[in-house]
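So the chains spell out like this:
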Amino acid sequence: GFRGFAKNAGVSLSQDMTGEFFGTFLIPSLVHQDPHYHRMPNLPLRQRIFHVLDSVVVGQSDDGLPMFNYATVFGTICTNAMGNLYVPGRNNSFGSSTARIAISLATNPVGNAITEFVPDLARRVNVQVVIVQRIINRVAIVEGGQPQ
């Protein structure tokens, strides 16, 4: 019911805040790292894909030089460790924690890929035109015509 939903939402919000605190603020501040993903729109596609994948472990220092991505790796570990303290009903064993950390790091490139490639797609596809075309097609079908 609503009570379970509220608990789940509270835990999710707490985990998001913990992740942002460690991964965006504390760890990058201590190691002088820029925690943001930096697009490489001028590189060839193959190099951009490699950049999406390797940015999980290779970050950028405040000076713009490559460095180990402490924010992502240790931020994920810290967030999981904190979650083990306050998430009710969570299996806190070493194996379960390791699995959660591994899954989080393995899925991290998905967000990087969105950041890297969606602006290119948005430039090529006019979303408003697609939506208007769908409306026109539905009206045409309802009125007995053929979609255009």
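Parameters at a glance
- Residues numbered from 1 in each chain as written.
- Predicted model: local features only at pLDDT ≥ 70, side-chain atom pairs only at ≥ 80, totals over all residues.
- Heavy atoms only, no water.
- Axes fitted to C-alpha atoms, helices over the stretch in contact; angles between N-to-C directions.
- Helix = DSSP H or I, 4+ residues; strand = E, 2+ residues; numbered from the N terminus.
- Parallel < 35°, antiparallel > 145°, perpendicular 65-115°, else oblique.
- Left-handed = near helix turned anticlockwise from the far one by under 90°.
- Contact = heavy atoms within 4.5 Å.
- Nonpolar A, V, L, I, M, F, W, Y, C, P; charged D, E, K, R; others polar.
- 1 Å grid on protein atoms, 1.4 Å probe; cavity = no way out; pocket = protein on both sides within 12 Å on 5 of 7 lines; lining within 4 Å.
- Points joined across faces, edges and corners; volume = space filled by probe spheres on them.
- Patch = residues over 30% accessible without salt bridge, like charges linked within 9 Å, V, L, I, M, F, W, Y side chains within 5 Å.
- Areas by Shrake-Rupley, 256 points an atom, 1.4 Å probe, with all protein chains shown as cover.
- Salt bridge = Lys/Arg side-chain N within 4 Å of Asp/Glu carboxyl O.
- Pairing = 2+ DSSP bridges.

J.: What should I look at first to understand the packing of helix α3 (residues 70–86) against helix α4 (residues 94–124) in this one?
T.: For any two helices packed against each other, the geometry comes down to the angle between their axes and how far apart the axes lie. Contact geometry for α3 and α4: axes closest at 10 Å, N-to-C directions at 140°. In terms of orientation, α3 lies oblique with respect to α4. Our pair here, α3 against α4, has a crossing hand that is right-handed. In this structure, α3 uses Thr 72, Val 73, Thr 76, Ile 77, Asn 80 and Asn 84 to contact α4, whose residues at the interface are Ser 97, Arg 100, Ile 101, Ser 104, Leu 105 and Asn 108. Looking at the contact of α3 with α4, its residues break down into four nonpolar, seven polar and one charged.

J.: Would you explain the layout of surface pockets in this entry?
T.: Regions of empty space are outlined by a rolling probe, equal in size to a water molecule, passed over the atoms. There is about 580 Å³ of room inside the largest pocket. Lining the largest pocket are 19 residues, with Gly 19, Gly 75, Thr 76, Thr 79 and Ser 104 positioned closest to its centre. Of all elements in the fold, only α1 (2–31), α3 and α4 reach the threshold of two or more residues within the lining of the largest pocket. When its residues are assigned to classes, the lining of the largest pocket shows three nonpolar, twelve polar and four charged.

J.: Would you take a moment to explain a nonpolar patch on the surface for this structure?
T.: A cluster of nonpolar side chains, namely Val 57, Val 58, Phe 68, Phe 74 and Ile 77, defines an oily patch on the protein surface of about 380 Å² accessible area. Tracing the backbone through its elements, the reader meets Phe 74 in helix α3.

J.: Which parts of the structure should I look at to understand the sheet that holds strand β2 (residues 58–61)?
T.: Sheet strands pair by backbone hydrogen bonding; their relative direction is either parallel or antiparallel. Strand order across the open sheet formed by three strands is β1-β2-β3, with antiparallel pairing between neighbours. A single partner strand is all that each edge strand has here, and the edge strands are β1 (33–34) and β3 (66–68). With two bridges connecting them, β1 and β2 associate as antiparallel partners. The partner of Gln 33 across the bridge, within β2, is Ser 61.

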